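# Structural overview
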Amino acid sequence: MTTTAPPTSLERLATLDPAFAQLVGATAKYVRAIPELTDREKTFLCVTADVCQASLGLAFSAHVRAGLAAGVSTSDIRELLRFVSYDCGYHAATAGIERIAELERELGIDPERTVPDPVPDGPSPLPEEVRARLNALDEHFAGYFDLQSRMRAGHGPGTLSERERGLVSLSVDVHYQTLADTFRIHVGRALRGGASPEDVRAALRFNAQFGVTRAWHAWEALNEILN
């Protein structure tokens with residue numbers, strides 16, 4: 001007895017619009033060939049784009065499935081969603097959590113269930129210069145930043161490296177076009193985490209598929225930082 005493999009995401013897209021599927025396939029092939037990023041990092045950047053742009057249908061499913069094939073677990077993706085909630089907003093990340101739970105049920109995956117530590121108290125891990133600038137804007141807003149930073153202090157969400165957190169954070173800036181102070185800080189985080197300037201440029205090249213005009217503006221900002 002032979003079984004027929006389920007259609008790929010690109011094949012499913014071709015049933016909707018074959019010409020569009022051809023555009024998507026050629027684009028994906030081009031950006032997936034970028035050598036400086038790992039398959040895991042490419043998965044994280046794709047899922048980040050999906051959440052920031054509320055694209056949680058076929059594209060999100062395709063990106064998660066590609067990640068699973070490359071050894072990225074849904075637990076890793078859950079960690080990513082917890083992390084990006086800081087910058088993309090908890091409402092957007094909630095939609096991503098709902099969608100990954102649906103895919104886990106669909107694929108028969110039992111996610112890891114860990115009991116989180118209490119939200120930490122204590123001093124802010126933010127640099128004093130940053131805290132002073134935030135306090136000058138609004139003390140309650142500065143307190144919100146303190147809370148978010150304490151929850152992500154130390155090693156941050158379990159499975160994400162400093163390099164990965166930096167590449168993801170600067171990508172959020174690209175999607176939302178916040179290309180001033182936060183973009184500079186997040187580029188610095190990626191560099192501190194071991195990414196080279198060329199690795200950071202590779203992340204921006206990869207992000208072009210999610211909006212070429214946004215990437216264009218980001219290139220102008222990035223070149224001012226790195227040059």
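Report on the accompanying structure. (Residues numbered from 1 in each chain as written. Predicted model: local features only at pLDDT ≥ 70, side-chain atom pairs only at ≥ 80, totals over all residues. Heavy atoms only, no water.)

## Let's talk about the overall build of the protein chain
Helices and strands together make up the secondary structure of the protein chain, namely 12 helices and 0 strands. Once the C-alpha set of the protein chain is aligned to its principal axes, its extents read approximately 65 × 45 × 30 Å. Residues counted as buried form 41% of the 227 residues belonging to the protein chain. In the protein chain, the proportion of contacts linking residues at least 24 apart, taken out of those at least 6 apart, comes to 70%. When the accessible surface of the protein chain is totalled, it reaches about 12,500 Å², and 58% of it is carbon and sulfur. Here the protein chain holds 23 positive side-chain charges and 30 negative ones, and the gap between their average locations is 3 Å. (Helix = DSSP H or I, 4+ residues; strand = E, 2+ residues; numbered from the N terminus. Buried < 20%, exposed > 50% of the residue type's maximum accessible area, 1.4 Å probe, protein only. Contact = heavy atoms within 4.5 Å. Areas by Shrake-Rupley, 256 points an atom, 1.4 Å probe, with all protein chains shown as cover. Lys, Arg positive; Asp, Glu negative; His and termini not counted. Charge placed at Lys NZ, Arg CZ, Asp CG, Glu CD.)

## As for the side chain of Ser 169
Residue placement: Ser 169 occurs in helix H9 (residues 162-176). Excluding residues within four positions of it along the chain, Ser 169 makes contact with Phe 83, Asp 87, His 186 and Arg 189.

## Observations concerning the packing of helix H10 (residues 181-192) against helix H12 (residues 212-226)
Viewed as axis vectors pointing N to C, H10 and H12 meet at an angle of 60 degrees, and their least axial separation amounts to 11 Å. In terms of their interaxial angle, H10 and H12 are classed as oblique. Handedness of the crossing formed by H10 with H12: right-handed. Of the residues in H12, those touching H10 at Phe 183, Arg 184, Val 187 and Leu 191 are Ala 218, Ala 221, Leu 222, Ile 225 and Leu 226. Across the contact of H10 with H12, the residue classes tally to 8 nonpolar, no polar and 1 charged. (Axes fitted to C-alpha atoms, helices over the stretch in contact; angles between N-to-C directions. Parallel < 35°, antiparallel > 145°, perpendicular 65-115°, else oblique. Left-handed = near helix turned anticlockwise from the far one by under 90°. Nonpolar A, V, L, I, M, F, W, Y, C, P; charged D, E, K, R; others polar.)

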